[in-house]
Amino acid sequence: MARVTDLLYYPVKGCAGTSAPEVELTPAGPAHDRSFMVVSEEGVYRTQRRDPLLAVVRPAVSPDGTHLTLTAPRAEALRLRVDDSGPRRAVDLFGTAYRGIDQGDEAAGWFSAVLGAPSRLVRVPPEHDRVTDGATPGTSGYADSCAVHVLSRATLGLLDRALAARGVPPLPVSRFRPNIVVDGWDEPHTEDRTRRLRVGDAELGYAKLAIRCAVTLVDQDSGTRAGPEPLRTLAGYRRAARGGVAFGTKYAVLRPGRVSVGDEVTVTAWGASEV
């Protein structure tokens, strides 16, 4: 029987994740997931691809969503009252124009100091109306694409064995930044073939494979690029038919609801892998 073993959400895009015993899955994914984003002064999104130090920032959102606390090594913690009604500013996410609510000069100064580059912090506005692509369209906040990223322990285990064959130690799940980690599927990459999932009170629809990028090369504890793994190893056996290295899958939320660690994961529709 497949069950949820880990639940994670990432309040600030590119920053460290928060592990939780349960999450509320909204149409845009786990509540507070990628609801904030660090941008340049020109409004262009920051990512670990270019700013790996984002990884060492640990955000925490208060249960009611009204406050955001930011911590990082060698920086004084900052607690902000979230502004969800202030002036909008233009932001750029992968070349697409969106809007964001600027969270003020204090947050901007804090991120600028930590990253060593002029930065602003913005929040998704209530009217955010993003449509994500894939086999099942959906929406999300400032995530790279779809609302929910699912990864299985069997898939991670196969990679660990492939890395071991090269003399490389296993990598932590944090390198892959999933939202839901599933255990109990015997075959690695079972998530490639799922098309509908029921988990807790929620239902998910398959959108597409998770195509991996240079973020997987960043040590999530130190915020430094740590070498060619896992992309070097994955490139040997995980080339997607449409290009890129695939590891995990992305889903749209068909029915919102609460999901808890330990919940059973039921596949209600299957399909062929796109790898």
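Before any of the text, the structure's been laid out above.
Note that this is a predicted model, so its numbers are computed, not measured. (Residues numbered from 1 in each chain as written. Predicted model: local features only at pLDDT ≥ 70, side-chain atom pairs only at ≥ 80, totals over all residues. Heavy atoms only, no water.)

## Describing helix 2 (residues 153-165)
Phase 1 of the analysis: The terminal C-alpha atoms of helix 2, which comprises 13 residues, lie 18 Å apart, in line with the 18 Å expected from a rise of 1.5 Å per residue.
Phase 2 of the analysis: Of all the positions in helix 2, only Ala-154, Thr-155, Leu-156, Gly-157, Leu-159 and Leu-163 are classed as buried.
Phase 3 of the analysis: Looking at the packing, one finds that the buried side of helix 2 touches strand 12 (148-152), helix 3 (231-234) and strand 18 (246-255).
Phase 4 of the analysis: At the C-terminal side of helix 2, Gly-167 shows a positive phi close to 80 degrees. (Helix = DSSP H or I, 4+ residues; strand = E, 2+ residues; numbered from the N terminus. Expected span 1.5 Å × (residues − 1). Buried < 20%, exposed > 50% of the residue type's maximum accessible area, 1.4 Å probe, protein only. Contact = heavy atoms within 4.5 Å.)

## Focus on the nonpolar core
What tends to happen in soluble globular proteins is that the nonpolar side chains get buried as a cluster.
Phase 1 of the analysis: Grouped together as the largest cluster of nonpolar side chains are 26 residues, with contacts concentrated most on Val-148, Ile-180, Leu-204, Val-259 and Val-265.
Phase 2 of the analysis: Listing elements by their share of this core, those giving two or more residues are strand 1 (3-9), strand 3 (22-26), strand 12, strand 13 (180-183), strand 14 (194-199), strand 15 (202-211), strand 18 and strand 20 (265-270).
Phase 3 of the analysis: Discounting chain neighbours no more than four positions away, the residues touching Leu-204 are Leu-25, Val-148, Val-150, Ile-180, Arg-195, Arg-196, Leu-197, Val-199, Tyr-251, Ala-252, Val-253 and Leu-254.
Phase 4 of the analysis: Listed in part, the 19 residues of the second largest apolar core include Phe-36, Leu-68, Val-82 and Phe-111. (Core = buried A, V, L, I, M, F, W, Y, C linked by side-chain atoms within 4.5 Å.)

## With respect to the pairing of strand 13
Phase 1 of the analysis: Examined bridge by bridge, strand 1 and strand 13 share four bridges and lie antiparallel to one another. When the bridges of strand 13 are listed, Val-4 appears paired with Val-182.
Phase 2 of the analysis: Sheet topology note: the strand 12/strand 13 ladder contains three bridges and is parallel. From the neighbouring strand, Leu-151 faces strand 13, where its bridge partner is Val-181. (Pairing = 2+ DSSP bridges.)

## A word on the layout of surface pockets
Phase 1 of the analysis: Roughly 510 Å³ of internal volume is contained in the largest pocket.
Phase 2 of the analysis: Along the walls of the largest pocket sit 28 residues, with Arg-34, Arg-49, Asp-144, Arg-212 and Lys-250 positioned nearest its centre.
Phase 3 of the analysis: For the lining of the largest pocket, the secondary structure elements donating two or more residues are strand 12 and strand 15.
Phase 4 of the analysis: The element best represented in the lining of the largest pocket is strand 15, accounting for four residues.
Phase 5 of the analysis: Residues that form the lining of the largest pocket fall into these classes: eleven nonpolar, seven polar and ten charged. (1 Å grid on protein atoms, 1.4 Å probe; cavity = no way out; pocket = protein on both sides within 12 Å on 5 of 7 lines; lining within 4 Å. Points joined across faces, edges and corners; volume = space filled by probe spheres on them. Nonpolar A, V, L, I, M, F, W, Y, C, P; charged D, E, K, R; others polar.)

## Digging into the pattern of salt bridges
Phase 1 of the analysis: This model, assessed by the stated rule, comprises 17 salt bridges.
Phase 2 of the analysis: Between Arg-153 and Asp-6 there is a salt bridge, and its shortest N-O distance comes to 2.5 Å. In this pair, Arg-153 sits in helix 2 while Asp-6 sits in strand 1, placing the two residues 147 residues apart along the sequence.
Phase 3 of the analysis: With a relative accessible area of 22%, Asp-6 lands in the partly exposed category.
Phase 4 of the analysis: With a closest N to O distance of 3.3 Å, Arg-46 and Asp-51 form a salt bridge.
Phase 5 of the analysis: The buried category is assigned to Arg-46, whose relative accessible area is 12%.
Phase 6 of the analysis: Look at Asp-51 and you get buried, because its relative accessible area is 11%.
Phase 7 of the analysis: Through salt bridges with shared partners, one network takes in Arg-89, Asp-102, Asp-105 and Arg-120. (Salt bridge = Lys/Arg side-chain N within 4 Å of Asp/Glu carboxyl O.)

## Considering the sheet that holds strand 8 (residues 75-81)
Phase 1 of the analysis: Pairing within the open sheet is antiparallel, and its three strands lie in the order 6-7-8. What marks the edges here is a single partner per strand, and that holds for strand 6 (58-61) and strand 8. Strand-to-strand, the axes of this sheet are offset by a mean angle of 15 degrees, without reference to chain direction.
Phase 2 of the analysis: Running at roughly 150 degrees to strand 8, helix 1 (residues 105-115) makes contact with strand 7 (67-72) and strand 8 of the sheet. (Axes fitted to C-alpha atoms, helices over the stretch in contact; angles between N-to-C directions.)

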